[in-house]
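Secondary and tertiary structure notes
For reference, the chains in residue letters:
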Amino acid sequence: PIKVLFDTDPGVDDAMALLFLHRHPAIELMGITTVHGNARTDTTTRNALYLGEHFGLETPIARGAAEPLVMPKSPPPTFVHGDDGLGNVGLTFEPTRRPDPRPAYRLIIDTVRRHPGEITLIAVGPLTNLALALKEAPEIAPLVKEVVVMGGAFGVGGQGGNITPVAEANIHGDPHAADLVFTAAWPVTVVGLDVTHRVLMTDADFRRLRELGGEDGDFMWSISRHYVDFYSEREAIDGCYVHDSSAVAYVLDPSLFEVRQGPVRAVGDGLAMGQTIQRPDDRDFPPTAWDGLPSQRVCVDVDGPRLMRLFMDTF
Ligand code: BDR
Ligand code: CA
């Protein structure tokens, strides 16, 4: 199995991605770390504990960073994920299980050291926990098998951001952390809006999940009502884009995607804060601040229908 450590801010699509990991037989979930983003860290941690208890996830859940490395934290996007981060479904839940006593970055470091060369980090929220792990123990980078990030927008086919004209929410949520993660000596694949906006989950898909997907399907249907309303209104689509589960799908089947090689950076401040930029390896530029940075992979195309089949078949 593929050993995955999941860094997340649940989050409607985060919860769906977590169930996708949990139910797919090729995945061994080694831990869950929470972060600020779609809601405050208290809430994303409570949601992760809820998912853990409710769906029988036997894996450590560690609470992560409550704010970005450098910037002041911004208010959570309750208009996308609801006040509770799970579409205002009205969960009344007091966790009986405690989170792992370690902070998220510690759980990341310990897990990577215990399984050198084997851990895939899937990060689908702001990248603060991964950056803190790198700062504390930079030597773990080459021990990580792969880092797969849902985040960013690289302008492929004119694709812009979703929180500013150029920035995607996860990267905007902690651009300094993102820049550290992209430029570290571990192999990174970035699954950004350039591809996730080409993976559409329709409301008919959600209805099918509710009918055929048992308890998982029922849950995904309920938490997605507010989220689907938001996307249907804002983007004039009948359903929603598939962000976080696309990162999971990349790990399960990279042949769904086309990637472009080259170093990646995130803009830390100013008007373009949170913008992600790749310098493609096949383009020549004079010596710049990019030289010597590791070449990473950015997803530039995806087979959306095939990805959706993989997701739906899993349930
Ligand atoms: C990303 O931001 C969050 O709203 C989603 O959970 C996803 O990780 C999309 O920009
Ligand atoms: Ca997320």
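Residues numbered from 1 in each chain as written. Chains lettered and ligands numbered in written order. Predicted model: local features only at pLDDT ≥ 70, side-chain atom pairs only at ≥ 80, totals over all residues.

**A short note on the sheet that holds strand S5 (residues 146–150)**
Here is the rule: Should DSSP find at least two bridges between two strands, the strands are regarded as paired. Numbering of helices and strands runs from the N terminus; a helix is a DSSP stretch of H or I covering at least four residues, while a strand is a stretch of E covering at least two. Here, residue contact means that the backbone-derived C-beta atoms of the two residues sit within 7 Å. Only the contacting stretch of a helix is used when fitting its axis, a line to C-alpha atoms as for every element, and angles between N-to-C directions run 0 to 180 degrees.
Strand order in the open sheet formed by eight strands is S3-S2-S1-S4-S5-S6-S12-S9, and the pairing between neighbours is mixed. Each edge of the open sheet is held by one strand with a lone partner, namely strand S3 (61–62) and strand S9 (257–262). Its contacts with the sheet place helix H4 (residues 104–114) against strand S1 (2–8), strand S2 (27–34), S3 and strand S4 (119–123), and it is angled at close to 150° to S2.

**Some thoughts on the packing of H4 against helix H5 (residues 128–136)**
Let me state the cut-off plainly: Roughly parallel means an angle under 35 degrees; roughly antiparallel, over 145; roughly perpendicular, 65 to 115; everything else is oblique. Put simply, a crossing is left-handed when the front helix is turned counterclockwise from the back one by less than a right angle, and right-handed when it is turned clockwise. Classification convention: Asp, Glu, Lys, Arg as charged; Ala, Val, Leu, Ile, Met, Phe, Trp, Tyr, Cys, Pro as nonpolar; all other residues, Gly among them, as polar.
Remark: H4 packs on H5, axes separated minimally by 8 Å, with the N-to-C direction vectors making an angle of 60°. Classified by the angle between their axes, H4 and H5 sit oblique to one another. Helix-helix and strand crossings are classified by hand; for H4 and H5 the assignment is right-handed. Within the contact between the two elements, H4 uses Ala104, Tyr105, Ile108 and Ile109 and H5 uses Asn129, Leu130, Leu132, Ala133 and Glu136. Residue composition of the contact of H4 with H5, grouped by class: seven nonpolar, one polar and one charged.

**Concerning helix H9 (residues 203–212)**
Counted only if it meets this: Any residue surrounded by 20 or more other C-beta atoms within 10 Å of its C-beta is treated as buried, while 12 or fewer makes it exposed and the intermediate range makes it partly exposed; C-beta atoms here are placed from the backbone. Each direction from the helix axis to a C-beta atom contributes to the arc, which is the arc of those directions.
Those residues of H9 that fall on the buried side of the exposure criterion are Asp205, Phe206 and Leu209. End-on view of H9: buried residues confined to an arc of 100°, all on one side of the axis. Opposite the packed face of H9, turned more than 90 degrees from it, sit the exposed residues Ala204, Arg207, Glu211 and Leu212. On its buried side, H9 packs onto strand S7 (200–202), helix H10 (214–235), strand S8 (239–241) and helix H12 (304–314).

**A look at the environment of Asp174**
Examined against the element boundaries, Asp174 turns out to sit in the loop between helix H6 (169–173) and helix H7 (175–183). Overall, Asp174 belongs to the buried group, with 32 C-beta atoms counted inside 10 Å. Not counting the four nearest positions on each side in its chain, Asp174 is found in contact with Pro68, Leu69, Pro126, Leu127 and Thr128.

**Re the packing of helix H11 (residues 244–252) against H12**
Orientation of H11 relative to H12, taken along the N-to-C sense of each, is 90°, at an axis distance of 10 Å. Comparing the axis directions of H11 and H12 gives the class roughly perpendicular. Within the contact between the two elements, H11 uses Ser245, Ser246, Ala249 and Leu252 and H12 uses Leu307, Leu310 and Phe311. Residues of the contact of H11 with H12, tallied by class, amount to five nonpolar, two polar and no charged.

**Quick look at the site of ligand 1**
Inclusion rule: Proximity of a residue to a molecule or strand is defined by its backbone-placed C-beta atom lying within 6 Å of that partner.
Taken together, 14 residues lie around ligand 1, and Gly11, Asp13, Val124, Ala169 and His243 are the ones closest in. At the level of elements, helix H1 (12–23) and H6 are the ones that each hand at least two residues to the shell around ligand 1. Taken together, the residues of the shell around ligand 1 break down into four nonpolar, six polar and four charged.

**So, the UniProt feature "domain: Inosine/uridine-preferring nucleoside hydrolase" (unreviewed entry) in the chain**
Formally: UniProt positions are given in the numbering used here, feature names are shortened, and annotations may be inferred rather than shown by experiment.
Here, the residues flagged by UniProt with the feature "domain: Inosine/uridine-preferring nucleoside hydrolase" (unreviewed entry) are residues 4–308. Secondary structure content for residues 4–308 is 37% helix and 18% strand, and the end C-alpha separation is 21 Å.

**Some words on the nonpolar core**
Formally: Buried Ala, Val, Leu, Ile, Met, Phe, Trp, Tyr and Cys residues whose C-beta atoms connect them within 7 Å together make up a nonpolar core.
With 89 residues, the main nonpolar core has Ile122, Leu130, Val149 and Val181 as its most contacted residues. The biggest single contributor to this core is H1, with eight residues. Setting aside residues no more than four positions away along its own chain, Ile122 makes contact with Val4, Phe6, Asp7, Val148, Ala247, Val248 and Val251.

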